[in-house]
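The residues making up each chain are set out below.
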Amino acid sequence: MASGDALGNLKGLRITSLDGDDEEEREQEIAIDEDDDDDEDEEAEDSVILGFLKKPKNPRSLLRHLFPSKAGGVPAWLDPVNLPSGRSCLCDICGEPLQFVLQVYAPEDKECTFHRTLFVFMCTSMDCLRRDQHEQWKRPPHKPSRSVKVFRCQLPRHNAFYSSEPPKKDDKASGTAVALCNWCGTWKGTKHCSSCRRAIYCSEKHRVKHCNFGHEPDCKRVRISSQSYDSSHDNSGAAMELQKEVACNTLWPEYKIIQEDESAYDTQMSEDNVCGSSLVPRNRTDESIMSSLLEAFEGDGDRKSWASFEERIGMAPEQILRYCSSTCAKPLWPMSSGQPSKADIPKCRYCNGSLRFEFQILPQLLYYFHVRNDINSLDWATVVVYTCEASCEASVAYKEEFVWVQLS
Ligand SMILES: [Zn+2]
Ligand SMILES: [Zn+2]
Ligand SMILES: [Zn+2]
Ligand SMILES: [Zn+2]
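Here's a quick rundown of the structure. Worth saying up front: this structure is predicted, and the values here are computed from it rather than measured.

Considering the packing of aromatic side chains
- Considering all chains together, one arrives at 23 aromatic pairs under this definition.
- Ring centres of Phe402 and Trp404 lie 6.2 Å apart, and the angle between their planes is 50 degrees; on these two criteria the pair is classed as tilted.
- Take Trp404: its relative accessible area is 0%, and that puts it in the buried class.
- Grouping aromatic residues by their ring pairs yields a cluster made of Trp77, Phe100, Phe119, Phe121, Phe151, Trp187 and Tyr398.

As structure tokens, then:
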């Protein structure tokens, strides 16, 4: 499944070494390593790709035409025109526009998913995340109110926005892109500043925030520069000039996500795997021995689960992301309670097909985001993303997928 022409093309396309860093080049290859073992009851022995954060030496390497995987800052929208809109951009609980968490470039071996990126957003309020906890259990026909959202965007090799050939180091993003909010730099701008008519915002909330923050001096400068503005530029050019400045200073710091295969770390795991319940057993015999051992010592499930979670993560403690390309992969749960059953995972809202686990975000990300460690600060044990198994096409460019959050 992982071989063939398309993957060859993708490897050619995969962005490496814009910083002139050869080590990164090696790390960034996504190794899709399928295993024939797909017994239902057994945790499949799939290779997990770990994501680590690194400050980009060249922030330009995170621009959208280079198809980055990144965390913090603003999203590098794959489809720069048909962005999510309306309520999709808002926390369903408090109504604030959501903040960008991270995006993962994860193309698949199909024509329509030649480019494919998943985008995760979250409300920064811990109160909202706590309420989100109750909402995620709701099953149809109830419509849950979520404070965490994930979108899938995909494009064929031949598309309206990017060359079908791999980009080069010095390429600039070209083509049209919608103007983004001058406050958050994240969502599509739909409301203009009534005074300069240049500054644009995703929402009334962000217009007001910019106003309170002191958009006025800028506002005048924009009015002056727009009078001397070269009319040969089209509107989208003008919009792009403006969007370079993101006024709000509360975005999370920006990082590049570097990928490495977990197998590079698991030499010790294969020797010790009898110790932990969620470690991957090498064969069935090991597993049955292990489960009888665990039954004999049935104690605090969460404590045991947490211990084996910690042990597995401990092999590469700086990981912030665990990605698995196999459709039968399972998340690594920090706790045994509060996991979704099969029935808690909804069907794809577009094709009604099954969703599968694709990646999970670890709490280490909060450390890199400098989120404070107090009672009202954002905190989670893991954020698990489920996506349409078929990566279906739909009438919208950004398809909302499903997230499950486990709090610690
Ligand atoms: Zn909220
Ligand atoms: Zn905004
Ligand atoms: Zn203005
Ligand atoms: Zn679908």
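There's more to say after this.
Quick word on the side chain of Gln364
- Along the chain, Gln364 falls in helix α10 (residues 364–368).
- A distance of 3.1 Å separates a polar atom in the side chain of Gln364 from the backbone oxygen of Pro317.
- For Gln364, the residues in contact, after removing those within four places along its chain, are Ile313, Pro317, Gln319 and Ile320.

A few points about the coordination of the zinc ion (ligand 4)
- Coordination sphere of the zinc ion (ligand 4), protein contribution only: Cys348 (SG), Cys351 (SG), Cys388 (SG) and Cys392 (SG), at 2.2 to 2.4 Å.
- Around the zinc ion (ligand 4), the 4 donor atoms are arranged such that angles at the metal cover 102 to 117 degrees; this shape is classified as tetrahedral.

Regarding the pattern of salt bridges
- Counted by the stated rule, this structure contains 20 salt bridges.
- Glu108 is the partner of Arg356 in a salt bridge, and the nearest nitrogen-oxygen pair spans 2.8 Å. Note that Arg356 is positioned in strand β10 (residues 355–361) and Glu108 in the loop between β3 (99–105) and β4 (115–122), a separation of 248 residues in sequence.
- According to the relative accessible area criterion, Glu108 is buried, its value standing at 16%.
- The residue Arg116 makes a salt bridge to Glu358 at a minimum N-O spacing of 2.7 Å. With Arg116 in strand β4 and Glu358 in strand β10, the pair connects residues that are 242 residues apart, well separated along the chain. Neither Arg116 nor Glu358 differs from the other in exposure class; each is buried.
- Connected via shared salt-bridge partners are Glu108, Arg116, Arg356 and Glu358.

What counts and how
- Residues numbered from 1 in each chain as written.
- Chains lettered and ligands numbered in written order.
- Predicted model: local features only at pLDDT ≥ 70, side-chain atom pairs only at ≥ 80, totals over all residues.
- Heavy atoms only, no water.
- Phe/Tyr/Trp six-rings, centres within 6.5 Å; stacked < 30°, edge-to-face > 60°.
- Buried < 20%, exposed > 50% of the residue type's maximum accessible area, 1.4 Å probe, protein only.
- Helix = DSSP H or I, 4+ residues; strand = E, 2+ residues; numbered from the N terminus.
- Polar contact = N/O pair within 3.5 Å; in protein donor to acceptor, adjacent residues only side chain to side chain.
- Contact = heavy atoms within 4.5 Å.
- Donors = N, O, S within 2.8 Å, 3.2 Å for Na, K, Ca; no water.
- Tetrahedral: all angles 85-135°; square planar, octahedral: opposite > 155°, others 65-115°.
- Salt bridge = Lys/Arg side-chain N within 4 Å of Asp/Glu carboxyl O.

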